[in-house]
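# Secondary and tertiary structure notes
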Amino acid sequence: MAAVAISCLIRVLYVGARELWYDEVLSLLLSTTQRTGYTNPPDIPIALANYSALLQLPSFTGATDFIAGIKPLLQGLVGREPHPPLFFLSQYLWLPLTGNQEISLRSLNLLLSLGAILGAYGMGKALFNHRSGLLLAALLGLNPFFWFHSLNVRMYCPTVLWVTLGGWAALQLCNQRPSRPMRLVWYLLLTISVVAGVLTYYLSALWFFALGCVVLIKDRKHWWHYILCSLGAAGLAAPWIYWGLPQQLRNVDLKRFSTESSLVETITQHIQGVLEVLGIQLLVGDWATSLPLAAVLGMGAFVLLLLVSIIWHLWSLLNKESPALLLTVIVLGCLPLLLMLGSDILSGKSTLAWGFGRSAIFILPGLLLLVTAWVMNLSINWQKPVILAILLIYLGLNVSDMVGRNRQVFQQIAETTTASDSTLIAMNSKAWGHVLRLVYYLPNDAPVDLLATNPATLPEALESVLSGSEPYGRVLWLEANRPVWKAPTESEADAIRDDVNQLLSAQYVPVERRELVGTMDLDRFSLRIYEKEG
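Residues numbered from 1 in each chain as written. Predicted model: local features only at pLDDT ≥ 70, side-chain atom pairs only at ≥ 80, totals over all residues. Heavy atoms only, no water.

## A word on a nonpolar patch on the surface
Together, Trp223, Trp224, Ile227, Leu228 and Leu231 line one region of the surface with nonpolar side chains, adding up to about 560 Å² of accessible area. Using a relative accessible area of 55% as the deciding quantity, one classes Leu231 as exposed. (Patch = residues over 30% accessible without salt bridge, like charges linked within 9 Å, V, L, I, M, F, W, Y side chains within 5 Å. Areas by Shrake-Rupley, 256 points an atom, 1.4 Å probe, with all protein chains shown as cover. Salt bridge = Lys/Arg side-chain N within 4 Å of Asp/Glu carboxyl O. Buried < 20%, exposed > 50% of the residue type's maximum accessible area, 1.4 Å probe, protein only.)

Right, here's the structure in full:
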């Protein structure tokens, strides 16, 4: 119980302590219904304040305007985004109540993460007992991977919410045999969880498929009840599946996940994906963005061996005494991962470990359920030390992440701006995550223009600007380590850097240089500050 309380406390303490990362600012743009209004910056300076309205909800004169705002939100999703609408709709409803500050943006997912922890408790209690429910809730609450994503303005935390609530409902129906009125309540929760899960994150359907297998194992005689739940969920999701999903499939670039490799390379990629996702989800969490890949793979191999040992241990204990329980735990712990891996193999794609494991976040509750089953079947003398060790490791990783990793890159850039001198920010990236975070963190009233170009064209564009009749008082040259689009080779980057430095040094004096380092390659920049001579 103390571990669950601590997991809630550290979320509250840290909810506003880090700045938005790359994808979170896109969530804000979509949730304000302004996605269709965003265009990449031109190769000429533009006032940064011109973009600020995109990150604010438009003003509403009444309920009619508010409802009408849903249309551009959905249009922004089907244009280029691969995700379903429910998370963004929930943020659209939440923002007018809280505003768009970091704490406000993350507060909804904070609350939903507490609901997911409750759902984990329900899963453990329905399958085993109260103590197992508390353990599963503590494992999920302190798990570094879920802890990180529970405070992100993305759809991954709500995905875990619906996965755990759906798991709770299904296991309650299969294991606890509730009365007829209560069965209706649990069927309703299961139906809502399925439709909400799929409309939050498409791949969560693989988890609900695994739940269907559990139903066949443990509650076949009520199979038609579950069919009705499935049909109800399909009916509720049908409008979006009919209207939105086909447009997304036409417009979204799915080729980035394709693998064009030899058989050996493809097999290696899939094995690496399994090891990465296991090591990240069950052990290192967001620390994976700072660790060498070899370290993550090593930890993934350790976790894989541990899971194999856990399954072997459970098999030896439960194979004869409780085969249905054994199959339930193995199905929920392994099948969603295997289904996603199989989908990758059949489609020729590699998505399992994409985004440092977040693409497969729906498998996490099942994996932790497997760990819970193992721990609860250890001898009494071993249970407490093992539980304490796991929870202390998780808590240590979370606390060290909170206090030991810098996530204030764009706030440091904002600190260098002044309200008096006209400033030009010259950046070698047009990536919306870079541009919009500058917009979010720099003061709207600061006289700042942005020149954002692809790396190769920055020297030419900057030369044209500097030859103008009204020079800027200061120039901030912001060189992205990873420009995202049209990234140059190392030798090309060196040549571009020399050209830009030569252009600026002819008219300005370099006064400061900072290396800005966040937790991801997307948050690594070199900032050079130049001021006008005299």
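## A short note on helix H7 (residues 130-142)
Between its first and last C-alpha, H7 extends 18 Å over 13 residues, near the 18 Å set by a 1.5 Å rise per residue. Counted residue by residue, H7 has 11 buried out of 13 residues, so it is predominantly covered. Among the residues of H7, Ser132, Gly133, Leu134, Leu135, Leu136, Ala137, Ala138, Leu139, Leu140, Gly141 and Leu142 are the ones counted as buried. For H7, the elements touching its buried residues are helix H1 (2-14), helix H6 (102-127), helix H8 (144-149), helix H9 (156-176), helix H16 (364-376) and helix H17 (380-404). (Helix = DSSP H or I, 4+ residues; strand = E, 2+ residues; numbered from the N terminus. Expected span 1.5 Å × (residues − 1). Contact = heavy atoms within 4.5 Å.)

## Quick notes on the packing of helix H14 (residues 293-318) against H16
Put simply, H14 and H16 touch, their axes get as near as 10 Å, and they point 50° apart. The angle between H14 and H16 falls in the class oblique. Two packed elements cross with a definite hand, and for H14 against H16 that hand is left-handed. Across the interface between the two elements, Leu307, Ile310, Ile311, His313 and Leu314 from H14 touch Leu367, Leu370, Val371, Ala373 and Trp374 from H16. Tallied by class, the residues present in the contact of H14 with H16 amount to 9 nonpolar, 1 polar and no charged. (Axes fitted to C-alpha atoms, helices over the stretch in contact; angles between N-to-C directions. Parallel < 35°, antiparallel > 145°, perpendicular 65-115°, else oblique. Left-handed = near helix turned anticlockwise from the far one by under 90°. Nonpolar A, V, L, I, M, F, W, Y, C, P; charged D, E, K, R; others polar.)

## Brief notes about the sheet that holds strand S4 (residues 474-480)
Reading across the sheet, the 6 strands line up as S1-S3-S2-S4-S6-S5 and stay open at both edges, with mixed pairing between neighbours. Edge positions in the open sheet fall to strand S1 (46-47) and strand S5 (508-517), since each of these has one partner strand only. Across the face of the sheet, helix H20 (residues 458-466) comes into contact with strand S2 (423-427), strand S3 (448-452), S4 and S5 while running at roughly 165° to S2. Strand contacts of helix H21 (residues 490-505): S4, S5 and strand S6 (524-532), with the helix running at about 175° to S4, the strand carrying the most contacts. (Pairing = 2+ DSSP bridges.)

## Description of the state of the cysteines
Taken as a whole and judged by the stated rule, the model has 0 disulfides. Left unpaired, Cys229 is separated from the closest cysteine sulfur, that of Cys174, by 11 Å. The buried category is assigned to Cys229, whose relative accessible area is 9%. (Disulfide = S-S within 2.5 Å.)

## Considerations on the pattern of salt bridges
Side chains that differ in charge, positive against negative, can pair when their charged atoms come close. Applying the stated criterion across every chain, the model contains 18 salt bridges. Arg405 is the partner of Asp286 in a salt bridge, and the nearest nitrogen-oxygen pair spans 3.0 Å. In this pair, Asp286 sits in the loop between helix H13 (263-284) and H14 while Arg405 sits in the loop between H17 and helix H18 (409-415), placing the two residues 119 residues apart along the sequence. The same class applies to Asp286 as to Arg405, namely buried. The residue Arg407 makes a salt bridge to Asp401 at a minimum N-O spacing of 2.8 Å. Arg407 sits in the buried class, given a relative accessible area of 8%. Judged by its relative accessible area of 2%, Asp401 is buried.

## Overview of unusual backbone geometry
Peptide bonds are, in most cases, trans, and in most cases residues other than glycine have a negative phi. One non-glycine residue with positive phi stands out, namely Thr33, at about 70°. In this fold, Thr33 is placed in the loop between helix H2 (22-31) and S1. One non-glycine residue, Arg177, lies in the positive phi region at around 50°. Here Arg177 shows up in the loop between H9 and helix H10 (180-198).

## A closer look at the packing of aromatic side chains
What the rule picks out here adds up to 13 aromatic pairs. On the basis of an interplanar angle of 45° and a centroid distance of 5.7 Å, the ring pair of Tyr38 and Tyr51 is categorised as tilted. Taken together, the residues span a long stretch of sequence, with Tyr38 in the loop between H2 and S1 and Tyr51 in the loop between S1 and helix H3 (63-68) at a distance of 13 residues. Comparing Tyr38 with Tyr51, the two get one shared label, buried. Geometrically, the ring pair formed by Tyr187 and Tyr226 is edge-to-face, given 5.6 Å between the ring centres and 80° between the ring planes. Of this pair, Tyr187 sits in helix H10 while Tyr226 sits in helix H12 (residues 223-251), and the two are 39 residues apart along the sequence. Relative accessible area serves as the criterion here: at 10%, Tyr187 is assigned to the buried category. Following the ring pairs from residue to residue traces out a cluster consisting of Phe60, Phe66 and Tyr92. Between Lys532 and the ring centre of Tyr508, over which it is positioned, the NZ or CZ distance is 4.8 Å. (Phe/Tyr/Trp six-rings, centres within 6.5 Å; stacked < 30°, edge-to-face > 60°. Lys NZ or Arg CZ within 6 Å of the ring centre and 35° of its normal.)

## A few points about the side chain of Thr328
Tracing the backbone shows Thr328 in helix H15 (residues 323-347). Separated by 2.8 Å, the side chain of Thr328 and the backbone oxygen of Ala324 make a polar contact. (Polar contact = N/O pair within 3.5 Å; in protein donor to acceptor, adjacent residues only side chain to side chain.)

## Some remarks on the nonpolar core
Leu438 and Leu478 are the most contacted members of the largest nonpolar core, which has 156 residues in total. Residue contacts for Leu478: discarding those within four places in its chain leaves Ile413, Ile425, Ala426, Met427, Asn428, Leu438, Leu516, Phe525, Ser526 and Leu527. Membership of the second largest hydrophobic core comes to 16 residues, among which are Leu451, Val475, Ile496 and Leu504. (Core = buried A, V, L, I, M, F, W, Y, C linked by side-chain atoms within 4.5 Å.)

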